[in-house]
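# Results of the structural survey
Below are the chains, spelled out letter by letter.
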Amino acid sequence: MAQYIKGSVNEAVVLPPRDKVAGSYHWDFERLLSVTLIPLTIASVVKGGAHPITDLCLGVILPFHCHIGFDAMITDYFPHRRNPVLNRGFSWGLRAVTLIVLYGCYEFNTNDVGLTELVKKVLCCIIVITRCKKNTMP
């Protein structure tokens, strides 16, 4: 894609308008979501059983955490100034997928074992597989 300069080199740079949400508050919110996942995951393993509050928190925080990460990837690799159509398409697709995942987490938490029990079962399977591999190695 060809790049071009608008105006001349002597013109002042036009700065975007200030937006508090796009600045430090947005960064703090991302870190808060990331840090919140650590005790939630540990609590789901230590508690031992399914708990509806932990299921609810994991079912909301984890999809939003993934949404923010994928949104950053779309912004980095398909910037609006270069690929406006792809940027809009991927952004709306991500929003739709996030809503579907939120609904899926709701259904999984209310009609199945829940996310905390799923985390426990996955970790138990990983432990069993690693022990089996150690025992079968010569």
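Residues numbered from 1 in each chain as written. Predicted model: local features only at pLDDT ≥ 70, side-chain atom pairs only at ≥ 80, totals over all residues. Heavy atoms only, no water.

In the nomenclature of an unreviewed UniProt entry, the protein chain is known as Succinate dehydrogenase [ubiquinone] cytochrome b small subunit of Gigaspora margarita. UniProt lists a comment for the protein chain under the heading Sequence similarities (unreviewed entry), and it reads "Belongs to the CybS family." According to its UniProt record, the protein chain has this under Subcellular location (unreviewed entry): "Mitochondrion inner membrane". (UniProt positions renumbered as here; feature names shortened; annotations may be inferred.)

Right, let's talk about the packing of helix H2 (residues 52-77) against helix H3 (residues 84-111) for a bit. One can describe the packing of H2 onto H3 by two numbers: an axis separation of 10 Å at closest approach and a directional angle of 165 degrees. One element, H2, and the other, H3, form an angle in the roughly antiparallel class. Every pair of crossing elements has a handedness; the one defined by H2 and H3 is right-handed. Contacts between H2 and H3 involve Asp-55, Leu-56, Gly-59, Val-60, Pro-63, Phe-64, His-67, Phe-70, Asp-71 and Ile-74 from the former and Asn-87, Phe-90, Ser-91, Leu-94, Arg-95, Thr-98, Val-101, Leu-102, Cys-105 and Asn-109 from the latter. The residue makeup of the contact of H2 with H3, split by class, is eleven nonpolar, six polar and three charged. (Axes fitted to C-alpha atoms, helices over the stretch in contact; angles between N-to-C directions. Helix = DSSP H or I, 4+ residues; strand = E, 2+ residues; numbered from the N terminus. Parallel < 35°, antiparallel > 145°, perpendicular 65-115°, else oblique. Left-handed = near helix turned anticlockwise from the far one by under 90°. Contact = heavy atoms within 4.5 Å. Nonpolar A, V, L, I, M, F, W, Y, C, P; charged D, E, K, R; others polar.)

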